[in-house]
Every structure is written in structure tokens, then in C-alpha cells.
Amino acid sequence: MIKGKVWKFGENVDTGQLAPPVAGDLVDAAIGARYCLVNIRPEFAKTVQRGDIIVAGKNFGCGSSRESAPKNLLALGVACVIAPSFGRIFLRNAINLGLPLLECAGAPDVIKEGDMVEADLASGRIADITRGRDMRASPLPPVLMEIIEKGGLMEYARAKLQARRIKS
Amino acid sequence: MGQTMAEKFLSRKNVAGKPVRAGDIIDARVDGIMLHASSGEVDHRAMQGGFSNGVPRVFDKDKVYVILDHYQPPCDHHYAKKNKAGRDMALRLGLTHFHDAGPGIAHQMMCELGYVRPGELVPGNDSHTVLYGALNVASSGQGEAELVHAVVFGEFWYQVPPTIKIVMDGQLPPYPFAKDIMLYLAGQYGDDFAQYRSVEYTGPVAGQMSIAGRMCMSCHTVEIGGKFGLFRADEKTIEFVKARTNLPFEPVEADPDAEYERVIEVNVDEIEPQVAKPHRFGNAVPVGEAAGVKINQAIIGACSNGRFEDIEIAHRILKGRRVARGVRFLISPASNEVLKECIAAGIIPDLLDAGVYFLDPGCGVCQPNRAYMVDGEVCITAATRNFRGRYGPPDSSVYLGGPATVAAAAVAGEITDPREVLRGR
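In this report, the structure presented in the accompanying data block is examined.

Conventions and cut-offs
- Residues numbered from 1 in each chain as written.
- Chains lettered and ligands numbered in written order.
- Predicted model: local features only at pLDDT ≥ 70, side-chain atom pairs only at ≥ 80, totals over all residues.
- Heavy atoms only, no water.
- Axes fitted to C-alpha atoms, helices over the stretch in contact; angles between N-to-C directions.
- Helix = DSSP H or I, 4+ residues; strand = E, 2+ residues; numbered from the N terminus.
- Parallel < 35°, antiparallel > 145°, perpendicular 65-115°, else oblique.
- Contact = heavy atoms within 4.5 Å.
- Pairing = 2+ DSSP bridges.
- Salt bridge = Lys/Arg side-chain N within 4 Å of Asp/Glu carboxyl O.
- Polar contact = N/O pair within 3.5 Å; in protein donor to acceptor, adjacent residues only side chain to side chain.
- Nonpolar A, V, L, I, M, F, W, Y, C, P; charged D, E, K, R; others polar.
- Buried < 20%, exposed > 50% of the residue type's maximum accessible area, 1.4 Å probe, protein only.
- Expected span 1.5 Å × (residues − 1).

1. Some points on the packing of helix 7 (residues 142-150) of chain A against helix 8 (residues 153-163) of chain A
Residue and element names in this part refer to chain A.
Link 1 in the chain: Interaxial distance between helix 7 and helix 8 falls to 7 Å at its minimum, and their mutual angle equals 90°. Classified by the angle between their axes, helix 7 and helix 8 sit roughly perpendicular to one another. The residues of helix 8 that touch helix 7, namely those facing Val143, Glu146, Ile147 and Lys150, are Leu153, Glu155, Tyr156 and Ala159.

2. Quick word on the sheet that holds strand 8 (residues 163-169) of chain B
Residue and element names in this part refer to chain B.
Link 1 in the chain: Ordered in space as 10-9-8-11, the four strands form an open sheet in which the pairing is parallel. A strand with exactly one partner marks an edge of an open sheet, and here the two such strands are strand 10 (228-230) and strand 11 (262-267). Taken over all neighbouring pairs, the strand axes of this sheet differ in orientation by 15° on average, direction set aside.
Link 2 in the chain: With six bridges joining them, strand 8 and strand 11 adopt parallel strand pairing. Bridge pairing in strand 11 places Ile166 opposite Ile264.
Link 3 in the chain: Running at roughly 125° to strand 11, helix 6 (residues 178-189) makes contact with strand 8, strand 9 (198-202) and strand 11 of the sheet.

3. What to know about the interface of chain B and chain A
Link 1 in the chain: On the chain A side, the residues contacting the 51 residues of chain B number 46 residues.
Link 2 in the chain: Between Glu146 of chain B and Arg92 of chain A there is a salt bridge, and its shortest N-O distance comes to 2.8 Å.
Link 3 in the chain: In this assembly, chain B and chain A are joined by 19 residue pairs in polar contact (both at pLDDT 80 or more).
Link 4 in the chain: Among the elements of the structure, strand 1 (25-29), helix 2 (39-48), helix 3 (77-92), strand 6 (138-141), helix 5 (144-153) and strand 7 (155-159) of chain B are those that each provide at least two residues to the side of chain B that touches chain A.
Link 5 in the chain: For the side of chain B that touches chain A, the element with the most residues is helix 5 of chain B, which contributes seven residues.
Link 6 in the chain: In the side of chain B that touches chain A, the residues fall into 19 nonpolar, 17 polar and 15 charged.

4. Let's talk about the pattern of salt bridges
Link 1 in the chain: In the structure shown here, the tally under the stated rule is 33 salt bridges over all chains.
Link 2 in the chain: We note a salt bridge from Asp134 of chain A to Arg125 of chain A, for which the minimum N-O separation is 3.2 Å.
Link 3 in the chain: Here Asp134 of chain A falls in the exposed class, since its relative accessible area comes to 53%.
Link 4 in the chain: On the basis of relative accessibility, which here comes to 27%, the residue Arg125 of chain A falls in the partly exposed class.
Link 5 in the chain: Its salt-bridge partner being Asp128 of chain A, residue Arg131 of chain A comes within 3.9 Å of it at the nearest N-O pair.
Link 6 in the chain: One continuous salt-bridge network, built from bridges that share partners, spans Glu67 of chain A together with Glu41, Arg45 and Lys82 of chain B.

5. A look at helix 6 of chain B
Link 1 in the chain: Taking 1.5 Å as the rise per residue, helix 6 of chain B with twelve residues should run 16 Å; its terminal C-alpha atoms sit 17 Å apart, in good agreement.
Link 2 in the chain: Listed in full, the buried residues belonging to helix 6 of chain B are Ala178, Lys179, Asp180, Ile181, Met182, Leu183, Leu185 and Ala186 of chain B.

6. Thoughts on helix 7 of chain A
Link 1 in the chain: Of all the positions in helix 7 of chain A, only Val143, Leu144, Met145 and Ile147 of chain A are classed as buried.
Link 2 in the chain: At the exit of helix 7 of chain A stands Gly152 of chain A, carrying a positive phi of roughly 115°.

7. Overview of unusual backbone geometry
Residue and element names in this part refer to chain B.
Link 1 in the chain: That bond from Gln72 to Pro73 is cis: its omega, -15°, falls within 30 degrees of zero.
Link 2 in the chain: Residue placement: Pro73 occurs in the loop between strand 3 (64-67) and helix 3.
Link 3 in the chain: Cis geometry is adopted by the peptide bond preceding His279, which originates at Pro278 and carries an omega value of -5°.
Link 4 in the chain: One non-glycine residue, Asn136, lies in the positive phi region at around 65°.
Link 5 in the chain: Note on placement: Asn136 falls in the loop between strand 5 (121-124) and strand 6.
Link 6 in the chain: Located in the positive-phi region is Tyr196, a residue other than glycine, with phi close to 65°.
Link 7 in the chain: Assignment of secondary structure puts Tyr196 in the loop between helix 6 and strand 9.
Link 8 in the chain: Overall, the relative accessible area of 23% leaves Tyr196 in the partly exposed class.

8. Topic: the sheet that holds strand 4 (residues 101-103) of chain A
All names here are of chain A.
Link 1 in the chain: If you trace the seven strands from one edge of the open sheet to the other, you get 4-3-2-1-5-6-7, paired in mixed fashion. Bordering the open sheet on either side are strand 4 and strand 7 (133-136), each of which pairs with just one other strand. In this sheet, adjacent strand axes meet at a mean angle of 30° when their direction is disregarded.
Link 2 in the chain: Bridge analysis of strand 1 (residues 2-9) against strand 5 (residues 116-120) gives four bridges, and the strand direction is antiparallel. Along strand 5, the bridge assignment pairs Lys3 with Glu118.

Set out below in C-alpha cells:
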């Protein structure tokens, strides 16, 4: 169960905002993370608390395949992102790196900045505690749940390698 | 019930050997993997995942293509180190196809060097990998962690996407127009109308369109959220591919009774040249609505529009004219092959005389380590994206347009209708 305070963002938050090219992806994750969303909310990276939740409009994470986009959110301690839809490469990258995402069409209308929200990945239940409202996210495909359960894609790949007796 | 192209591709590549339908989740056997400038990241992810020596094995040395494109030549020490990481991995794994300082854009080179062939399934570590759909290849961009898995096993999981069919009617104008069609579609239907979907580009205009134009449309499929952006393989495709490889291939056709989630019909005769205003691809309007916006920088290049026809139109517009005072006009061909076409056609001297800054082939005008701006400046570009801060600071503005629109703006010093500038040319 994830429980945290909400940061609200609009539609089409792109990978250039999550991992700005000016910051580059050449530096370590902690440095890159300082620039996360800096162009649209300069205070975000400085004040976000470990365990906070992002609720955003549709098409969150559209754009590049750069993994630094979900990696920056993870480095800042963001616990999960709730949005009506995600850029498809971002969605895969986030799950692979261990950042949970929940697809929920109604979330941006109900949930407001600063609300306390509870989210259960397995059931997809989202509760806005501040407003006393319940929502349900679309379930993740089973293969993604399996990757999450194994602890990320690298763990999943290592298990598969061992199963096939290939030496790493 | 028949199958869409995506269903056919993924049925053919399904490890389980069974036909698939939209919605199925399968492991698919890949025919190739494109790794570009961030190849070293793939090794790095493997190390973070506990493989102490990096990627432990490669499923087929002939099928993993490493092309170090984004940071050539490296403009600082960090980029040089990044290139070295990719170089080290390619050499350690003994890959057959490794291009160090090509130069050129990986996607263009994958097509030109015959590394992708109709009917194949090819993921890559760049969002514009979807470009190979122009050659009837099911390709899409992925992150590095996933590609570790693909490089080791030659397999990759896919959810079979539903398909949107775009039927294009009408007659293409006598200048490159693929970008305008994609901007129009995004403007009409939204930046994400093809999210998680496969797109099939069909109709008479798909046939009229050059391979370069198709590459532009397939490339921009990611800007509308798409997973694959597919054209059928016609005579033009077969001729292009056969000139570049002797390896056999088998194109994929959609069945006539395939089931589409959505069919969108457009008549290109009714589409005006488009520009996307800052900071979204889908923020597109007919060029007239942005006319008069003063520009500081104009760019033709990138995997979207760095091919010969895109540079030739700039020549047609600029010959005997000058780039407007105060405007930097950068042109970067997509590859050495494109550069050689420009040299053979004799168009470069006129462009230089007009005041164009003609750059080497590569990703630098989009990436954007060759094209930084300052706050308050405005760029019109035929490159891929206009996200906030794409060319540096957040208060610089980027407009997207086709190469004719970009060249016309470079001459006028402001956004203007390219049809007026092209009159009589």
C-alpha cells in the first residue's frame, strides 16, 4: 500500500521536462534529479518529500526513450504516478526500474494538489483520503505485475538466465 | 476475421508459434536490435542489475547493430566517455556491425545500410526507432534495461496493439509534405491519439510518397504515441531495400478484412502547410495562423527531415536569395549518403552563398548540442520535437514545420507561408 501527499501536473508532461537535456543524462542520478520538472515547477525537486505521489493529466511521460525520466522521479522518492495514460516507452521504463504507475481516467478531476492519497497496486484501488473519494485504476498487464513482483526487469532477466543455465 | 499488420508481424514472431490478436501478450523473437549513442548505458544497466562484466552474452553477433550517433564528434569529455562506453561494449561482444564515428543518424544508417528489411521486428534504444515502419519493419523505441533482455535472449515481450488505419487521399504538393500531414493529424486528433497503438499509413498518397517522406511519417508516429508506424512494402520499398542488401525478406500485408479500432480518412489537398507552436507537437495550426512570428534560428535535419528532398527544397527556395539578417540557418544531412547526394547534385555551394551554416551529418541539431539558444529566442525547426527547453532554456520557443516552411522562414526572417516563397520555383 502506498500513501502520500499529492503533487498535481497537467497533460502531456514530456520526458524533456522529467529529464531536461540541459541537465544531461551524463551525470549521476542524484544530480540529474535536481533538474526534474524544473522548467514547469521550479520548486518541485527541492521540496518533494520521499513517498509523495504525482497525479497528472493524460500522456504523462510522452517523448524520448530516456530512462532518466523515471529514474529522476525514483531518485526524488516519488512513490507512484497516477494519470489517465502514459507515454508507452515511459510506462515500460518506469515499471522496469521499479516506479509504479496507475492508469486512472478520473483521477485528475477528483484529486487536488496537496490531498492525501492511498493507492493499492495489486487491486488498483485509489482512495483520496482528504476528499473521501474512491477510484479504481485499470489493472496492469500480468507480465508487468510479474516484473514488479520479481523486483524489476534485471531480476526478472537474471531468473530467466538461471533457468536456462547460462552463466552471467 | 483477417489480421492487421501488427497482428501479422507478431504472429510470425511469436515464440509460442501461435497466431495472435490485439490485446495478447507474447514473447516475440526479434530480427535485429538497434543501439545508438547510449549503447554504453545498456552495459551499465546490466552491471547495476548484477551482471558484473556488463551484458553477459549476445543472442546473435550479426543482429545487434551499434551506431554511436548522438554525440559525434563529442563536444566535451563526458560525451567522449559516453561514446567510449558504447565502443567498449561493441568490441567486447564482438559485434559484426559497429559504426563508431560514421557519421550519421543511426535510424538513417539502419535503413541505408540494409540492416532492416521488410517483414522484420526490430526494437531499439531510441524513441524514433519507429521510423523503420517506412520500410515495412515493425520497430519501436525501448529503454536500455529492456534491451539488456533483448540483447541476451533475442526475445522481447509485446502486447499486441490495436491498430488505427490512416487513409490518405488526394495529391501531394511539389514539395516535401509528410511533416505537415503528421502535424495536422496530431493537431486534429491529439498528441496521444495513437497511444499504445499501431498505425498503418495507407491510401493513394502513401503510394505517391517518397521513401524519405514515409520515413518522416513513421518517425513521427511516436509523437502521436504510436508503437509501430507502418507502410506496406511497394515497388519503391523493394527497390530501396534490394539496392542495399542481398538477404532475403518477406513483407507483411494487412488482410483486406482486418479489424481496425479506428479508421481516419484525410484528403491532403485540404491540408495547409502546418506549424506546431510551442511546446507540443499537437499544438499545430495552419502556417497562416503563425505568420509574422520573428525567428532567430532555422533548422533542417534530424531523423525526421534530414534527407535529400528536405535539403533540396531549401536549395530551391534559397538559390539566389539570402538568409535573413539575424537568422542562423543550420542544415545537417542525416547521413554521409545524404551528404554525398547533396554534393553530387551540386546544391551545397548555393546554400553556402545564401548564408546557410551547413553542418556535418548527425543528431546535433535536434539533440541539441549544436543548436543551443538563449531565453527569448525563437527557432523554427524540421527536427523532431518542440518540448519546452528542447534547445536549452525554458523561455526559448520552438516551432515545428516542414522543410519548405523552415526555409521560407529563414529567408523572410519570420514564419511565412512557403507556397508564396516557392511561387515560380
